[in-house]
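# Close look at the chain arrangement
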Amino acid sequence: MESGYAEGGTSTLSTRLILRIVAEEGGEQAVDQVLERAGLLAKKAHLQSAHGRVSYSVMLQLFDAVARELDDSRLGLKLGAAALEDPALAPIRALTRVVGSPAAVFRHVSRVSTRLDSTAVTRCVAARAGEAELAWRVLPPRRPTRLDCDYAIGMIEQVPVLFGLPPARVAQKTCQVDGAPECEYTVTWREHRAGALWRRWRGLSVAAASRQDAIAHAEERLRGLRSAASDLVSGGSLEETLDRVAERADGAVHARGHLLDLRLPKGVRHVRSRGLDESVLETLRERPLEPGIRSVEGAEVLAVEVASATRHYGVLAAVASPGQAFFPEDEGLLAAYAQHAAVGIENSVLLTEVREQEETARLLLTVARSLAGRRTVSAVAQSVAEAVPVLSGADRSAVALWEPGVGSIWVPGSSGWPADLAERLAQYVATPEESPELREMVAAGLPMLVDRGGSTWARDMLDEFGVEAIGAVPIKVDDQLVGIVLAHWVETTPPPVLGEVLTERLWGLAGLAGVALDNSRLLEEIRRQDSHDALTGLPNRALFEARLESALGEVDREGVQVAVFFCNVSRLKRINDSLGHRAGDELLRQVAGRLSAAVVREGDTVARYSGDEFVVLLPGVGDSDAEDVAARVRSNLTAPMRVGGEDVFVDLAIGFAVAEAAPLARPHDRRGLSQRLIERAYEDMHRVRAEARGLVHLEQSPERLRVETELRGAVGRGEFRVHLQPQIDLASGRVVAVEALARWYHPEMGLVSPGLFVPIAEDSGMIEEIGEYILREACRVVAGWREQGIDLELAVNVSAVQLNKADFADLVHQVLMESGLPCNRLVVEVTESQVMSHVAAGDANLHRLRELGVGISVDDFGTGYSSLAQLRRLPVTEVKVDQAFTAQLTDEDSSAFVAGIVGLGQGLGLRVVAEGVETSAQLDALQGMGCHRAQGYLLGRPGDPAAVLDTLLAGIPVPVMA
């Protein structure tokens, strides 16, 4: 049941008394009329019961209807007298008489009040013979009515009558209805009358009434316990039984709320509550409750054990509101109820176990049938993964396969994952060396629960995939590990341990998976001998071409498209040269595994075509889908591969071609088309590689390989910093801009020269990640300076790899919007060689950036062969004189060349910036030529943004004569 304040809190004893008065004055017909007026006719039986509970608003609704029906606005005063006659209130009358006197009753009035209504508190201010001061209030958020106040007064008046005395007189001093914090009453009564005869008669009369009430009390208690027993031992599920135990506890001891806190045989904690707000519920959960009555944060809590003859389950507690109290006898009533509850719980546990065993057998039979038609390892893994959530109740699942020769696991099957995490999971590889949990699984082969109490590797892996816990059960064939069934809990609360039922189900699933995987591998091994590559285990060239010709036949018959990928492992030679050919072979095997994990449809084919080349056949895939698959393949190869004792990264150059529907008359035609399709994909691969990579050719060496390996992930590890170098306006002498420069601080290699790592980053494609980081960080810093009154332009270098990405302009725009830096304060610097390359995507990005207001600068101008036409073709706003020419400004020929660049820029309306200014003579020459801006060590060295900001704020002058 949901926690939180429930509106209910009034015993149906109150509504029973109200309807009793209606019946006495107007008969059953009047009762039905009242209930119909109140809209409660359907609840008649419940409102007349002795053990029910209704909301406070329902009681007020009934009060109002009765007052209107009987035309009696002071109806509440009559309820006290009715309470003396109703057999259902005999238990309360009996408990009240046991106290001994009216004064004693008033001193314990809170206990009596709680029995009838847990939405109000009655307290005794003072009580002595013949006189008492009482206070009564309705608990918020409820507000009392005059009828409810009269009900309280009517009950107070009748207390002396229980002891054979006349009714009390109640004088009301304040009223909550009128806005007072509580109702205050002065109660007076006559203690006795003169005459021994009367005193004897009163004693006999009270004794007789007490005996009658005691008998009625016992009978009512017996009926209540029988009702509870029959209701709780009902054959329902365990969850239904626990909910029912908490809900029905109010029938045993009426209170504001109840808590059931159990730990069942499998170790799982179950908490159920009724009528408790979250703060009280949390307090009770955190502290152990011992049997008895005690105060918890100002409220009385009555706790009893829930135990059968053979097992202790936990506690059941009744919780009063502050100011309310329980009778000592309530502990026995709640304990008797708890004994019946324990029997019901024990029966439900046994019944649940039987049902779980039947369900396990049924589910495993269903899985066995589904596996019968799976012929490949990947298909088996996917089917098993899809069965895990149904069997375990987990949110997501996967099947990992153990590759003993490689010493790692990979994940060919998963279920329930978002697309991005599914792709990441498909490329995930783990080894026993890095994972203590996997090492234990390989060694012991036993189920385990991996949670945040595990190793550092386990916690990092759980964080990476957003998972709370993982249940892992090994898949074995001939007692050898072949894989692992994995159940992942994300939003559902994970079990504290892998219980008996869960373990049994996952073991059974793992057994079926082992048989299916073994059968699939035997079948594949037979087919593999003549048609597969010995190194990678992939289909070879002959099998691929045969399958391609068959797929082209479908183009003829059904008009479907067929896509072919041609993939080249870009740096295999470097691995061979640096780490040896064994490492290269191992790399190819891992690439083959990653490719196969990315292309998982039945009917697709991944094959090794030649040394470092792979091909992929995708029937039914057109151009747009092929782009998506290519992106997934590239994503699968972003994680490092462990070969030759090193973590290495590889890229695939992927080209593709698509065969459209066309009439093909003879198989010979299909053979020719298949060769042309492969050739087209091969040509496209070379185009892609030429556009995205190969900007600088670098000699191969172990040192170079190490730099590339360490460069991977350096941004994420926080090793890159942004340094800023000022640009000076030569006319005014003011700092008007800063250029962002990338600096790599490696923990072992120290500050790595940009001349070393930039070409490697460009060659490997990592420049894209580094460049984006520098752009974001620099924009953030300079935008922040604007808030301090320092408004500068920002120049950022952009590589060809970045510029040729179709969405690069959109990325820049997004970064500017996020940082708050205006578009017109950013200048993108591209090299002269990039201007010469005339790549369509790059040109489009430059035009788009200029439309946004971003400046375009041609860096290192004068080192290439750009022409006036090329400068006019692109939206250039600035040219930067290369520092090699600035350094030779004292030479007459160089000075003339730089003057020519300045003149050209001025003639085209372009700003001219000189780099590498290191002497006053160079500065004077540039000013004399009319150069607009300059930067260099003379004017300001590159530095940490904080240091540059301090210099700017200090107003340190630069050596420029305005």
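Residues numbered from 1 in each chain as written. Predicted model: local features only at pLDDT ≥ 70, side-chain atom pairs only at ≥ 80, totals over all residues. Heavy atoms only, no water.

## Thoughts on the overall build of the protein chain
- A tally of regular secondary structure across the protein chain gives 34 helices and 32 strands.
- In the protein chain, which comprises 962 residues, the proportion classed as buried is 52%.
- Sequence-distant contacts in the protein chain: of pairs separated by 6 or more residues, those separated by 24 or more amount to 67%.
- For the protein chain, the exposed surface amounts to about 42300 Å²; the carbon and sulfur share of it is 51%. (Helix = DSSP H or I, 4+ residues; strand = E, 2+ residues; numbered from the N terminus. Buried < 20%, exposed > 50% of the residue type's maximum accessible area, 1.4 Å probe, protein only. Contact = heavy atoms within 4.5 Å. Areas by Shrake-Rupley, 256 points an atom, 1.4 Å probe, with all protein chains shown as cover.)

## A word on unusual backbone geometry
- Residues Pro140 and Pro141 are joined by a peptide bond in cis, for which omega reads 10 degrees.
- Of note in the backbone geometry, Glu297 takes a positive phi value of approximately 50 degrees without being a glycine.
- Considering the arrangement of structural elements, one finds Glu297 in the loop between strand E9 (292-296) and strand E10 (299-307).
- For Glu297, a relative accessible area of 63% gives the class exposed.
- Of note in the backbone geometry, Asp479 takes a positive phi value of approximately 65 degrees without being a glycine.
- Among the structural elements, Asp479 can be located in the loop between strand E16 (469-477) and strand E17 (480-489).
- Among the residues examined, Asp479 registers a relative accessible area of 61% and is labelled exposed.

## Describing the pairing of strand E24 (residues 720-729)
- With 9 of 10 residues buried, E24 lies mostly within the body of the structure.
- Of the strand pairs in this sheet, E24 and strand E25 (residues 735-746) are connected by 9 bridges, and their pairing is antiparallel. In the sheet register, Val722 faces E25, and the bridge partner there is Ala742.
- Between the end of E24 and the start of E25, which pair antiparallel, lie 5 residues, with Gly733 showing a positive phi angle near 80 degrees.
- As defined by bridge partners, E24 adjoins strand E32 (residues 933-934) across 2 bridges and the pair is classed as antiparallel. Its bridge partner lying in E32, Ile728 is registered against Ala934. (Pairing = 2+ DSSP bridges.)

## Examining the confidence of the model for the protein chain
- Per-residue confidence for the protein chain averages 82 on the pLDDT scale, and 84% of its residues sit at or above 70.
- Note that pLDDT drops below 50 for residues 1-8; the model gives that stretch 28 contacts with residues more than four away or on any other chain.
- Within the model, pLDDT remains below 50 along residues 194-210, and this stretch shows 17 contacts once partners closer than five positions in the same chain are excluded. (pLDDT = per-residue confidence, 0-100.)

## Digging into empty space enclosed by the protein
- Scanning the model with the defined rule gives 3 cavities of 30 Å³ or more in all.
- For the largest cavity, the calculated volume is near 440 Å³.
- Sorting the residues of the lining of the largest cavity by element identifies helix H4 (79-83), helix H5 (90-98), helix H6 (102-107), helix H7 (109-116), strand E3 (120-128) and helix H8 (146-157) as the ones contributing at least two each.
- The element that contributes the greatest number of residues to the lining of the largest cavity is H8, accounting for 5 residues.
- Residue composition of the lining of the largest cavity, by class: 17 nonpolar, 5 polar and 3 charged.
- When its volume is computed, the second largest cavity comes out at roughly 270 Å³.
- The wall of the second largest cavity is formed by 22 residues, among which Ile409, Trp457, Met461, Ile470 and Leu486 lie closest to the centre.
- Only strand E13 (408-415), helix H15 (436-444), strand E15 (448-450), helix H16 (456-465), E16 and E17 provide two or more residues apiece to the lining of the second largest cavity.
- Split by residue class, the lining of the second largest cavity holds 19 nonpolar, 2 polar and 1 charged. (1 Å grid on protein atoms, 1.4 Å probe; cavity = no way out; pocket = protein on both sides within 12 Å on 5 of 7 lines; lining within 4 Å. Points joined across faces, edges and corners; volume = space filled by probe spheres on them. Nonpolar A, V, L, I, M, F, W, Y, C, P; charged D, E, K, R; others polar.)

## Some points on the pairing of strand E31 (residues 911-914)
- Here strand E30 (residues 878-881) pairs with E31 via 4 bridges, running parallel. Paired with Val879 across the two strands is Val912, which belongs to E31.
- Handedness of the E31-helix H33 (residues 920-929)-E32 crossover: right-handed. (Right-handed = clockwise from strand over helix to strand, strands pointing away.)

## Structural notes on the sheet that holds E17
- Across the sheet, which stays open at both edges, the 6 strands sit in the order E14-E13-E12-E17-E16-E15 with antiparallel pairing between neighbours. At either end of the open sheet lies a strand with only one pairing partner, and these are strand E14 (429-430) and E15.
- The sheet contact formed by E15 and E16 spans 3 bridges and is antiparallel. Note that in E16 the partner of Leu449 across the bridge is Gly471.

## So, the packing of helix H25 (residues 767-786) against helix H27 (residues 808-819)
- Two elements in contact, H25 and H27, have axes whose closest approach is 9 Å; the angle formed by their N-to-C orientations is 30 degrees. Considering the angle they form, H25 stands roughly parallel to H27. The handedness of the crossing between H25 and H27 comes out as right-handed. On H27, the residues touching Glu772, Leu775, Arg776, Cys779, Arg780 and Ala783 of H25 are Leu811, Val812, Gln814, Val815, Leu816, Glu818 and Ser819. (Axes fitted to C-alpha atoms, helices over the stretch in contact; angles between N-to-C directions. Parallel < 35°, antiparallel > 145°, perpendicular 65-115°, else oblique. Left-handed = near helix turned anticlockwise from the far one by under 90°.)

## Topic: a negative patch on the surface
- Taken together, the side chains of Asp623, Asp625, Glu627 and Asp628 make up a negatively charged region of the molecular surface.
- Considering the arrangement of structural elements, one finds Glu627 in helix H21 (residues 623-636). (Patch = residues over 30% accessible without salt bridge, like charges linked within 9 Å, V, L, I, M, F, W, Y side chains within 5 Å. Salt bridge = Lys/Arg side-chain N within 4 Å of Asp/Glu carboxyl O. Lys, Arg positive; Asp, Glu negative; His and termini not counted. Charge placed at Lys NZ, Arg CZ, Asp CG, Glu CD.)

## A word on the side chain of Thr96
- Tracing the backbone shows Thr96 in helix H5.
- A distance of 2.6 Å separates the side chain of Thr96 from the backbone oxygen of Ile92, its partner in a polar contact.
- Residues within four places of Thr96 in sequence aside, it is in contact with Val105, Val112, Leu162 and Phe163. (Polar contact = N/O pair within 3.5 Å; in protein donor to acceptor, adjacent residues only side chain to side chain.)

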